[in-house]
Structures are given as structure tokens and as C-alpha cells.
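Examining the three-dimensional arrangement
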Amino acid sequence: MLLVKNIGVLQTPLGVHSLKGSAQAENLKLRNAAVAISDGKITAIYKDGELPKLSDDIQVIDAENCLVTPGLVDCHTHLVFGGWRHNEIPLKLGGATYLDILKAGGGILDTVRHTREMSEDELYFKSKGFIDEMLHLGVTTVESKSGYGLNLKDELKMLRVNKRLDKNTPIDVVSTFLGAHAIPPEYSDRPDEYIDYLCEVVLPEVKRNDLAEFCDVFCEDSVFDVAQSKKMLLAGRKLGLGSKIHADEIEAIGGAVLAGELGAVSAEHLIATDERGMDSMREGGVTAALLPATSFYLGKTYAPAREMIKKGIPVAIASDFNPGSCPSLNLQFAINLGYLKYRMLPEEILTAVTLNAACAIARGESIGTIEIGKQADLVIWNAPNFEMVCYRFGSNQIKKVIKKGEILQ
Ligand code: NIG
Ligand code: FE
């Protein structure tokens with residue numbers, strides 16, 4: 001058994017379902033607490049200085065009066081990719097937009113060229129470096145999307161990397177098929193045919209090899225329209241893949257409305273979303289996965305997080321780590337932006353990066369809170385409270401990470 005003792009404040013949302021409205025701000029806070037862990041699961045929680053009877057076979061970690069929360073869950077990343085895209089910065093600073101660069105054959109398509117050139121092993125070792133960094137920053141579960149292969153061979157290669165990372169590293173990796181991330185050069189000007197190819201050729205192989213749990217699509221002006229997105233997500237659903245959608249990132253073309261109609265597990269980005277989109281999401285029980293570091297990096301406005309909470313839409317926050325629109329994998333920075341730019345309360349933010357993020361990848365039953373029976377994924381912070389985590393930025397405020405009851409650092 002492992003015992004984490006001397007916890008100054010243990011702070012956690014509760015339950016297995018995403019929290020919305022005023023419930024998003026409800027966190028349990030226990031003073032002078034301790035957590036007992038056996039076989040990778042939480043077995044007991046103590047407060048007000050209570051402790052179990054100590055024996056020799058108990059390994060004890062002293063939290064030194066610091067804050068303990070659930071491990072962070074990053075529910076939206078594109079962490080497997082070839083190359084980088086720093087060459088785009090001068091173009092951006094010169095006035096080119098994200099979509100201008102993509103339309104000119106750069107952007108995602110540039111990363112596709114580099115990803116296709118890399119072997120599975122090369123991609124694996126590159127992404128494993130990112131996983132190590134994420135763990136140090138307190139992330140204990142991460143979602144990872146394909147979408148830089150855009151053909152059968154290279155999409156499967158990316159998804160196999162996800163599987164290997166999940167198996168061989170301490171982090172849990174949830175794999176998402178995002179073949180519909182851009183229109184590849186082989187299909188330029190034929191997006192409908194590309195969607196048919198994905199549905200008829202690639203998706204069945206993804207399923208046959210059990211390589212993804214979710215299907216995602218970039219529903220955006222000059223990428224995939226609502227009808228194409230719907231076709232893709234329904235094809236995924238038919239094979240048992242849950243639906244996620246990149247919606248209303250740049251233009252509100254109907255992605256969030258579609259998410260609600262389909263009852264997608266999450267709609268992601270939502271910078272430009274409108275009333276109709278939000279109403280539809282609320283009715284469909286969709287979790288909004290917001291990506292403030294992408295707004296920061298693209299110099300865009302920030303998604304209307306407060307309005308979403310007011311409307312009763314559960315809000316999650318993720319990094320969106322990728323080489324083009326957010327080259328940062330630091331979820332702690334997204335937390336800072338959630339506070340300053342979304343004006344969310346620290347308690348709402350903690351729910352957004354733990355339980356609601358877990359629910360955005362269908363893991364609410366097993367992770368996202370500190371409760372008896374849940375997987376023992378915890379972080380000990382170099383901070384006395386979560387306000388401090390939201391306030392300080394640029395430093396790694398993690399002291400120790402515990403994953404499935406194992407101490408990682
Ligand atoms: O979530 N918007 C689409 N996909 C990614 C960006 C990918 C890229 O630019 O390489 C995103 O921001
Ligand atoms: Fe993304």
C-alpha cells in the first residue's frame with residue numbers, strides 16, 4: 001500500500017459525469033488529508049489529520065502540506081507528427097492567416113509531408129519525448145489524434161504509435177482517428193471522394209486493428225463542411241467509434257450544431273461558436289473542449305467559456321498540442337489562460353482539466369477525481385492551493401506525479 005500524507009489541501013471535483021453550470025465550480029476541499037492507494041486504485045481518503053495504522057509494508061510519501069489534485073487530463077492533442085512549423089511564424093507576422101497558409105499547401109499539409117517521411121519507430125521516439133514532458137507537467141492521461149498521414153498506410157502508422165505509447169509509457173493514451181483533418185494533395189478539390197475513401201477504406205482497417213476509440217473531423221470553412229463531417233462521424237459511429245468534432249474554430253459553419261444533433265462526446269475549439277451552436281450542444285449533452293493556448297498562439301479571440309457555463313454546457317480545457325496552431329504541450333499554461341482569458345474560477349478550471357476532460361474522452365468512470373475506487377492518478381503541486389497554480393505561469397508547478405499508484409518523480 002502507498003500512503004500520501006500531509007496533504008495541505010486535497011481538492012477534487014466529484015463523480016463520474018461531466019459537471020455543468022454552477023456544479024462545475026463544486027470541488028471537494030479536504031484539509032490535512034491523506035490518500036491510501038492499493039493495486040493502482042484509491043482505497044481510502046482521510047481528512048483533518050486522521051491516518052490509518054501505519055505498518056512496515058506501507059510506503060509513505062509526504063506531501064509537505066502542499067496541494068494535491070487528480071492527475072491532469074489533456075483531452076485534445078495532435079502529439080504524433082513529423083517536423084515542426086516554425087517557418088510559418090514570419091508568414092503569420094506578415095499577415096497570413098492559418099487558413100491562408102493551409103490553402104497555399106502549407107500548414108497541416110506541410111506536417112503531412114514530414115510525417116509520411118518518418119518511420120513508425122522515428123515517430124514513436126519523437127512522441128515519447130513529448131509524453132515524458134507531459135508527465136513532468138502533471139498530465140496523467142492524454143488523447144492523441146491521427147490526421148497527418150491522410151492515407152491508409154500513414155494514418156495506421158500514426159495510430160499504431162498511439163497504441164505503443166499507451167502500452168510502453170506510464171501515461172494512458174486515448175487514440176482518436178482524425179483522417180478528416182485536411183484534404184490531402186491526392187484528393188485536392190475532391191473532398192467528397194476523400195471522405196468516401198476514409199469511410200470505405202481507412203476506417204474499416206482502423207477498426208479491424210482496434211486502433212482508435214474516437215472518430216474526429218475538422219469541420220471548417222474550406223476544409224470539411226457539415227454534410228461531409230456528418231458522413232464521417234456516422235461512419236465512425238457505425239463501427240463503434242465515439243464522435244468528436246473540431247467545430248467553429250475559425251468560422252461557425254455549423255460544427256457545434258452538428259455536435260449537438262449527433263450527441264457527440266465533445267466539440268472542440270469553439271472560438272467562433274454562436275447561440276445556435278451552444279443551444280444545440282447543451283441539448284445534445286456535448287462537452288465543450290476549449291483550447292485557450294491555440295487562441296493565444298493564433299492571436300484569436302477566446303471561446304465564450306463563461307457563456308457556456310451559464311448555459312449549462314460542461315467545459316473542459318485542453319492543450320491542443322500540435323506543430324501548427326499550438327506548439328505548447330503545457331496544460332498548466334492553458335490553466336493560466338483559463339483563469340485570465342476565460343475568467344473561469346479556479347474550481348471550474350480544476351474540473352475542466354480533470355473530470356470534464358476525462359468525460360470528453362469517455363473516462364469519467366475511472367479517472368478525473370480523487371474518490372475511492374478510481375484509478376490512483378494524483379499530482380502533488382509545489383503550491384498551497386489551486387489559485388496559485390492558476391496565477392503563476394511559465395514555471396512547472398508540479399512536485400510529484402503518481403500514476404496508477406506508482407510515483408513517477
Ligand atoms: O486543432 N484545427 C485543426 N487542427 C489542429 C491544428 C493542426 C495543425 O495546424 O497542424 C488544431 O488546431
Ligand atoms: Fe486540434
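Residues numbered from 1 in each chain as written. Chains lettered and ligands numbered in written order. Predicted model: local features only at pLDDT ≥ 70, side-chain atom pairs only at ≥ 80, totals over all residues. Heavy atoms only, no water.

1. A word on a nonpolar patch on the surface
A cluster of nonpolar side chains, namely L51, L54 and V60, defines an oily patch on the protein surface of about 250 Å² accessible area. The residue L51 is located in the loop between β3 (41-46) and β4 (59-62) in this model. (Patch = residues over 30% accessible without salt bridge, like charges linked within 9 Å, V, L, I, M, F, W, Y side chains within 5 Å. Areas by Shrake-Rupley, 256 points an atom, 1.4 Å probe, with all protein chains shown as cover. Salt bridge = Lys/Arg side-chain N within 4 Å of Asp/Glu carboxyl O. Helix = DSSP H or I, 4+ residues; strand = E, 2+ residues; numbered from the N terminus.)

2. Brief notes about the site of ligand 1
Taken together, the neighbourhood of ligand 1 is formed by 15 residues, with Y98, Y148, E249, H269 and S325 sitting nearest. In this structure, an oxygen atom belonging to ligand 1 sits 2.8 Å away from a side-chain N or O atom of R85. Taking H181, its side chain carries an N or O atom lying 2.8 Å from a nitrogen atom of ligand 1. One can see that ligand 1 is located within the largest cavity. Per-class residue counts for the shell around ligand 1 are four nonpolar, eight polar and three charged. (Near = heavy atom within 4 Å. Polar contact = N/O pair within 3.5 Å; in protein donor to acceptor, adjacent residues only side chain to side chain. 1 Å grid on protein atoms, 1.4 Å probe; cavity = no way out; pocket = protein on both sides within 12 Å on 5 of 7 lines; lining within 4 Å. Sits in = over half its atoms within 2 Å of the grid points. Nonpolar A, V, L, I, M, F, W, Y, C, P; charged D, E, K, R; others polar.)

3. Observations regarding empty space enclosed by the protein
The full count for this structure, using the stated rule, is two cavities of 30 Å³ or more. Of the volumes computed, that of the largest cavity is approximately 80 Å³. Considering the residues around the largest cavity, the lining is formed by H78, Y98, I108, Y148, H181, F218, H246, E249, H269, D320, N322 and S325. Partitioning the lining of the largest cavity into residue classes produces four nonpolar, six polar and two charged. (Points joined across faces, edges and corners; volume = space filled by probe spheres on them.)

4. A word on the layout of surface pockets
Counted as a void, the largest pocket has a volume near 220 Å³. In terms of residue count, helix α2 (residues 98-103) provides more of the lining of the largest pocket than any other element does, three residues in total. Split by residue class, the lining of the largest pocket holds eight nonpolar, two polar and two charged. Space inside the second largest pocket adds up to approximately 180 Å³. Around the second largest pocket, the lining comprises 15 residues; the ones closest to its centre are D166, V173, V174, E213 and R363. Listing elements by their share of the lining of the second largest pocket, those giving two or more residues are α5 (152-168) and β8 (172-180). No other element matches β8, which puts four residues into the lining of the second largest pocket. Taken together, the residues that form the lining of the second largest pocket break down as four nonpolar, four polar and seven charged.

5. Details of the pattern of salt bridges
Evaluated as defined, the whole model comprises 26 salt bridges. In this structure, K153 and D154 form a salt bridge, with 3.4 Å as the shortest nitrogen-oxygen distance. With a closest N to O distance of 3.0 Å, K404 and D172 form a salt bridge. A residue pair is termed long-range when its members are at least 10 positions apart, and K404 in the loop between β15 (398-403) and β16 (406-407) and D172 in strand β8 qualify at 232 residues. Relative accessible area serves as the criterion here: at 37%, K404 is assigned to the partly exposed category. Connected through shared salt-bridge partners, E143, K145, D216, K244 and E268 make up one network. (Buried < 20%, exposed > 50% of the residue type's maximum accessible area, 1.4 Å probe, protein only.)

6. A few points about the coordination of the iron ion (ligand 2)
Here the iron ion (ligand 2) is held by the protein donor atoms H76 (NE2), H78 (NE2), H246 (NE2) and D320 (OD), which lie 2.0 to 2.5 Å from it. All donors of the iron ion (ligand 2) belong to a single chain; written as a sequence motif, their spacing is H-x1-H-x167-H-x73-D. Pair noted here: H78 is in the loop between β6 (72-74) and α1 (88-93) and D320 is in the loop between β13 (315-317) and α12 (331-340), with a separation of 242 residues, a long-range link. Residue H78 is classed as buried on the basis of its relative accessible area, which comes to 2%. (Donors = N, O, S within 2.8 Å, 3.2 Å for Na, K, Ca; no water.)

7. Let's talk about the domain arrangement of the protein
Examined at the domain level, the protein breaks down into domain 1 (2-69 + 372-407) and domain 2 (72-359). A straight line from the C-alpha centre of domain 1 to that of domain 2 covers 29 Å. Each partner contributes to the interface: domain 1 provides 37 residues, whereas domain 2 provides 33 residues. A combined buried area of about 2,600 Å² lies between domain 1 and domain 2, and 61% of that area is made up of carbon and sulfur atoms. When the buried surface of domain 1 facing domain 2 is broken down by residue, Q24, C390 and K403 rank first, second and third, together holding 24% of it. Where domain 1 packs against domain 2, one counts three salt bridges. We note a salt bridge from K403 to D172, for which the minimum N-O separation is 2.7 Å. Here domain 1 and domain 2 share 18 residue pairs in polar contact (both at pLDDT 80 or more) between them. (Domains from an automatic or database assignment. Contact = heavy atoms within 4.5 Å. Buried area = accessible area lost by both parts, 1.4 Å probe.)

8. Regarding the sheet that holds β13
In spatial order, the strands read β6-β7-β8-β9-β10-β11-β12-β13; together these eight strands make up an open sheet with parallel pairing. Each having just a single partner strand, β6 and β13 make up the two edges of the open sheet. Neighbouring strand axes in the sheet, compared pairwise and without regard to direction, differ in orientation by 25 degrees on average. As paired strands, strand β12 (residues 287-290) and β13 are joined by three bridges and run parallel to one another. Of the residues in β13, the one forming a bridge with A289 is A316. (Pairing = 2+ DSSP bridges. Axes fitted to C-alpha atoms, helices over the stretch in contact; angles between N-to-C directions.)

9. Considerations on the environment of Y98
Within the secondary structure layout, Y98 lies in helix α2. On the accessibility criterion, Y98 (15% relative accessible area) is buried. Separated by 200 residues in sequence, Y98 and L298 place their C-alpha atoms 7.6 Å apart. Every residue in contact with Y98, bar those within four places of it in the chain, is listed here: R85, I108, F218, I250, L298 and S325.

10. Details of the packing of helix α6 (residues 191-208) against helix α7 (residues 226-238)
Their axes nearest at 10 Å, the elements α6 and α7 cross at an angle of 5 degrees. Classed by the angle they form, the pair α6 and α7 counts as roughly parallel. Note on element contacts: α7 touches α6 through Q228, K231, M232, A235 and G236, opposite P191, D192, I195, D196, L198, C199 and L203. Considered class by class, the residues forming the contact of α6 with α7 number seven nonpolar, two polar and three charged. (Parallel < 35°, antiparallel > 145°, perpendicular 65-115°, else oblique.)

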